[in-house]
Amino acid sequence: MGKKFLSKRIIGFISELILFAAAVWIGALLGKSKGLMEENAAESVIETSSSTFSLLKAPARQINQPMEGEKICYLTFDDGPSTNTGEILDMLKEYNAKATFFVIGEGLTEENRPILERMKNEGHSIGLHAYNHTYKELYASTESLLADYEKLYSLLREDYHIETALFRFPGGSACSYLKPHRQVCIEELQRRGFSCFDWQVSGEDAIGYPTVESIQQNVFKKVFDYNTPIVLLHDGRGRGKTVEALPEILKRLQDGGYRFDSLEHRPEYFYRMKE
């Protein structure tokens, strides 16, 4: 009787062990299957966007490396054009300075058409920023970003005869809203010939309540650390303080031995982040 009871206990234990091993094996298979499904889903986004966003293809551009020791400042202005942009163009012309303007859909109105024409005619570069600058909507997915950029790119090309290979993510490539799709978005745009540009120096003119002095101080405290700095400023609505701050920025940089150029021929620059 005791032996029979012991045998049943052993058989029961072995059965439980087999069931546990089977459960572990099935769980591992399901996990692997889920991983493959996620990888395939990511690949399908890229494949879908390749065929869907066929108009989003950048023109070729020539990259020029600065000579050793050469000092070039790349002034960039986001969120325009607006009425502020015309005054900025006047100041740039006075200093024989070229700059880059990353434009948004809101600014591409008939009223601002002459400003876009001036940008082109006076040798400045125009880049994509966003048609819709609302982060939550723009960065909802890879598809939403590519759709937005195709809309802005098509508008510039068809209505203003402007083609560009330059873009800057609203909030920069380190924007937390972009993080889930960052690598795929960058690769998708690069594959279409576009170049991403973040910045090394910011005037912080779109944060809080900037003053003329704070904008200048924010630029000057870092800009002279670089031979070829990219400087972030803004020319959208409500950026009158940036307009007032700009003459001293241009003067100080020119006195410091810098010339001013657009990003058209500069190598791509974006933050290298751990994913």
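For the structure, see preceding data.
Counting starts from 1 at the beginning of each chain's written sequence and moves along it residue by residue. Where totals are concerned, whole chains, interfaces and linings use all residues; where local detail is concerned, this predicted model gives features only for residues with pLDDT of at least 70, and gives and counts side-chain atom pairs only at 80 or more. Remark: hydrogens and water are excluded; side-chain values derive from all non-hydrogen atoms of the structure.

1. Comments concerning the packing of aromatic side chains
Then, in step 1: In this analysis, rings of Phe, Tyr and Trp, with Trp reduced to its six-membered ring, are considered paired at centre separations within 6.5 Å, and the interplanar angle assigns stacked below 30 degrees, edge-to-face beyond 60, and tilted for intermediate values. Per the stated rule, a full pass over the model turns up 11 aromatic pairs.
Then, in step 2: Residues Phe224 and Tyr258 carry aromatic rings whose centres are separated by 6.1 Å and whose planes lie at 55° to one another, so their mutual orientation is tilted. Within this pair, whereas Phe224 is found in the loop between helix 7 (212-223) and strand 7 (230-234), its partner Tyr258 is found in the loop between helix 8 (240-255) and strand 8 (259-260), the two being separated by 34 residues in sequence.
Then, in step 3: A residue is classified by how much of its surface remains accessible, and Phe224, at 36% relative accessible area, is partly exposed.
Then, in step 4: Put simply, the rings of Tyr135, Tyr139, Tyr149, Phe167, Phe169 and Tyr177 touch in pairs and so form one group of aromatic residues.
Then, in step 5: Over the ring of Phe220 we find Arg252, and its NZ or CZ is 4.0 Å from the ring centre. Only DSSP runs of H or I covering at least 4 residues are called helices, and only runs of E covering at least 2 are called strands; the numbering of each starts at the N terminus. Buried residues are those whose accessible area, probed at 1.4 Å on protein chains only, stays under 20% of the maximum for their type, while exposed residues exceed 50% and partly exposed ones sit between those limits. Sitting over a ring, as applied to charges here, requires NZ of Lys or CZ of Arg to be within 6 Å of the ring centre and within 35 degrees of the ring normal.

2. Regarding the layout of surface pockets
Once rolled over the atoms, a probe with the size of a water molecule shows which space is left empty.
Then, in step 1: A volume near 240 Å³ is recorded for the largest pocket.
Then, in step 2: Looking at the largest pocket, it is lined by 15 residues, and the ones nearest its centre are Pro81, Ser82, Glu106, Asn112 and Arg237.
Then, in step 3: Any residue outside Ala, Val, Leu, Ile, Met, Phe, Trp, Tyr, Cys, Pro, Asp, Glu, Lys and Arg is labelled polar, Gly included; the first ten of those are nonpolar and the last four are charged. Its residues assigned to classes, the lining of the largest pocket comprises 2 nonpolar, 8 polar and 5 charged. Only protein atoms enter the 1 Å grid used here, on which a cavity is any set of points holding a 1.4 Å probe that cannot leave and a pocket is any open set flanked by protein within 12 Å on both sides along at least five of seven lines; residues with an atom within 4 Å of a point are listed as lining. Grid points are joined across faces, edges and corners, and a volume is the space filled by probe spheres set on the points.

3. Quick look at the pattern of salt bridges
Then, in step 1: Salt bridge, as used here, is a side-chain nitrogen of Lys or Arg placed within 4 Å of a carboxyl oxygen of Asp or Glu. A complete count under the given rule lists 12 salt bridges for this structure.
Then, in step 2: Residue Arg168 is joined to Asp78 by a salt bridge in which the shortest nitrogen-to-oxygen separation is 2.9 Å. Residue Arg168 is found in the loop between strand 4 (166-167) and helix 6 (182-191), and its partner Asp78 is found in strand 1 (residues 72-80); the two are separated by 90 residues along the sequence. The same class applies to Arg168 and to Asp78, which are both buried.
Then, in step 3: In this structure, Glu188 and Arg192 form a salt bridge, with 2.8 Å as the shortest nitrogen-oxygen distance.
Then, in step 4: We classify Glu188 as buried; its relative accessible area is 2%.
Then, in step 5: Through salt bridges with shared partners, a single ionic network connects Glu70, Arg259 and Asp261.

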